[in-house]
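For reference, the chains in residue letters:
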Amino acid sequence: MREFAPLLHGYWYLLRGAEMTLLMAVVAVIPATLLGIAIALLQIFGSRFARAAVVGYLFFIRGIPLLVLLTFTYYLLPLTGIDLPPFWGVVLVLAFYYGAFMSEVFRAGILSLPRAQWDAARSLGMTRRLMLQIVIFPQALRLAAPPFVNLCVNLVKATSLVSIVGLWELTMASREIVERTLAPFQIFLGAAAIYFCICYTLALYGKYLERRVLHGH
Amino acid sequence: MNDASSTATEQAGTQRRPMLEITGISKRFGTLEVLRDVSLSVGAGEVVVVIGPSGSGKTTLLRCINLLEDYEQGTVTVDGDPIGYQLDARSGKRVRMSEREIAAAREHVGIVFQSYNLFPHMSVLQNIAAAPVRVKGVARARAEARGRDLLAMVGLSDKADEYPARLSGGQQQRVAIARALAMDPKIMLFDEVTSALDPELVGEVLAAMQQLARNGMTMVVVTHEMSFARDIANRIVFMDGGVIVEQGQPEQVFFNPKTERVRLFLKRYNDRYRI
């Protein structure tokens with residue numbers, strides 16, 4: 001038990017790091033989701049120009065590792081004269097990065113509905129906005145929920161990368177304790193356990209949503 | 001248009017105010033001409049049944065009426081009002097109405113589909129009341145009361161709070177009829193509404209349609225149920241190859257067809273279904 005003394009001393013610090021991790025994930029997932037929905041709609045209904053722009057963006061994002069994008073933005077932002085606190089810079093990158101993947105999830109959800117649902121809604125005199133609001137989105141979002149939660153799990157884990165640009169969160173906190181205690185194994189075991197608890201809870205929720213989709217209403 | 005169809009149109013058209021006017025609709029899917037200059041006038045309260053072989057353009061014609069399918073030429077009016085395209089008074093050119101105008105015009109045309117197409121995430125009553133409330137701005141309580149009346153009419157009073165997945169095909173299709181009626185349409189279109197049903201469930205849907213016809217609803221019905229067609233129709237329209245080949249009163253078309261094409265179709269049909 002004595003081997004885990006460093007963890008017992010540092011656990012409060014780790015939990016505060018976890019708090020920061022969660023905060024970052026939650027703050028980033030909101031714009032990422034909105035962006036994802038907007039891009040999905042643009043890709044389905046947008047003009048030829050808008051669709052081309054969206055495809056270019058998705059192509060760009062998918063081809064670059066998040067770590068590179070974070071580092072690049074970290075050095076680029078000051079040069080452009082944009083004075084953004086590191087936290088918001090990171091949130092911005094996470095939102096743009098995960099927004100791209102979320103758009104695919106939402107697009108798939110919308111397109112997987114049978115055309116007949118659109119026909120029925122149109123035949124009742126609904127405008128496109130109303131159709132989306134009361135017929136398409138309620139069904140598409142339900143279909144998109146399980147892969148959406150899966151992306152959220154990914155996002156939580158991806159926040160561990162932001163320590164590279166000096167942002168303090170769970171991984172960074174772990175490294176700091178390790179530097180003081182020289183007990184990397186114990187400390188990172190604790191950090192891993194915390195990540196696991198967050199992600200496993202999310203994944204369970206995703207499974208629950210998936211069952212609900214499969215078994216209907 | 002040949003002689004047979006023009007005389008029949010005159011017969012049917014004289015005594016009734018026109019409710020639906022289809023004028024010279026042409027449509028193609030790529031190189032395939034699905035509809036070729038089709039015109040059809042349906043009087044108020046008239047029940048027109050469209051029959052013909054698969055791929056003859058019946059369903060497409062029906063879907064063109066409320067612009068679920070677009071078409072390259074022609075116009076449609078419902079009760080005198082254009083739906084989809086308007087003729088410019090000066091140039092005589094066809095102008096597409098705005099999406100908002102088209103949506104508003106669709107209110108007056110109810111359609112029931114082969115595959116029911118109920119909204120699976122809404123209860124039966126929500127399915128019926130959603131459009132009246134959200135499109136026409138009817139108060140929810142009133143829309144739901146009317147929804148319950150319509151459910152009673154199609155014999156499903158006890159299913160108001162069920163979800164579509166828990167209903168049989170025949171029940172779902174009757175809900176679909178009620179949903180279309182809830183918008184108080186001027187005309188109802190039926191697109192092979194019994195084709196996806198188990199044989200023992202067909203009767204309940206046809207009964208609901210018969211009831212509707214008796215109440216004086218203007219109806220255009222695409223169906224393969226020939227005996228039903230004979231019973232319910234004021235006029236039979238036979239389509240093949242994207243044109244109306246023959247039309248007339250049910251007795252005439254079924255027992256004394258003027259064209260060889262219809263004779264052949266009916267003979268094949270009878271041969272297949274003779275028990």
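Rules and cut-offs
- Residues numbered from 1 in each chain as written.
- Chains lettered and ligands numbered in written order.
- Predicted model: local features only at pLDDT ≥ 70, side-chain atom pairs only at ≥ 80, totals over all residues.
- Heavy atoms only, no water.
- Helix = DSSP H or I, 4+ residues; strand = E, 2+ residues; numbered from the N terminus.
- Buried < 20%, exposed > 50% of the residue type's maximum accessible area, 1.4 Å probe, protein only.
- Contact = heavy atoms within 4.5 Å.
- Areas by Shrake-Rupley, 256 points an atom, 1.4 Å probe, with all protein chains shown as cover.
- Lys, Arg positive; Asp, Glu negative; His and termini not counted.
- Charge placed at Lys NZ, Arg CZ, Asp CG, Glu CD.
- Polar contact = N/O pair within 3.5 Å; in protein donor to acceptor, adjacent residues only side chain to side chain.
- Pairing = 2+ DSSP bridges.
- Axes fitted to C-alpha atoms, helices over the stretch in contact; angles between N-to-C directions.

S.K.: Please clarify how the overall build of chain B should be interpreted in this entry.
M.R.: The secondary structure content of chain B amounts to 10 helices and 12 strands. If one aligns the C-alpha atoms of chain B with their principal axes, the spans along those axes are about 60 × 50 × 40 Å. Looking at the 275 residues of chain B, the share that counts as buried comes to 55%. Across chain B, every contact between residues at least 6 apart in sequence was considered, and the portion connecting residues at least 24 apart equals 65%. If you sum the accessible surface of chain B, you get close to 12300 Å²; carbon and sulfur atoms cover 47% of it. Positive and negative side-chain charges in chain B, numbering 34 and 33 respectively, have mean positions lying 2 Å apart.

S.K.: Even after reading the chapter, I still don't get the side chain of B:Arg106, so can you show me in this structure?
M.R.: In this structure, B:Arg106 sits in helix H3 (residues 99-106). Polar contacts involving the side chain of B:Arg106 include one to the main-chain carbonyl oxygen of B:Asn66, which spans 2.7 Å. Contacts of B:Arg106, omitting those with residues within four sequence positions, involve A:Arg122, A:Ser123, A:Gly125, B:Asn66, B:Leu67, B:Leu68 and B:Ile83.

S.K.: Would you mind going over the environment of B:Gln171 with me for this structure?
M.R.: All names here are of chain B. Assignment of secondary structure puts Gln171 in helix H6 (residues 169-181). Sequence separation between Gln171 and Glu204 is 33 residues; the distance between their C-alpha atoms is 8.3 Å. Non-local contacts of Gln171, meaning those with residues more than four positions away in its chain, are made with Leu156, Lys159 and Glu204. Of note is the side chain of Gln171, whose polar atom sits 2.9 Å from the backbone nitrogen of Ser168.

S.K.: Even after reading the chapter, I still don't get the sheet that holds strand S3 (residues 47-51) of chain B, so can you show me in this structure?
M.R.: Whenever strands of a sheet pair, they do so through backbone hydrogen bonds, lying parallel or antiparallel. Residue and element names in this part refer to chain B. Across the sheet, 6 strands lie side by side as S8-S9-S10-S3-S11-S12; this open sheet has mixed pairing. Lying at the two open borders of the sheet, with one neighbouring strand each, are strand S8 (109-112) and strand S12 (243-248). With strand direction ignored, the average angle separating the axes of adjacent strands in the sheet is 20 degrees. Strand direction decides the pairing type here: S8 and strand S9 (residues 187-191), joined by 4 bridges, are parallel. Among the inter-strand pairings, Ile111 is bridged to a residue of S9, identified as Leu189. Here H6 sits on the sheet and contacts S8 and S9; the angle it forms with S8, its principal contact strand, is near 170 degrees. Contacts from helix H7 (residues 199-214) reach S3, S9 and strand S10 (218-222), with the element oriented near 150 degrees to S10.

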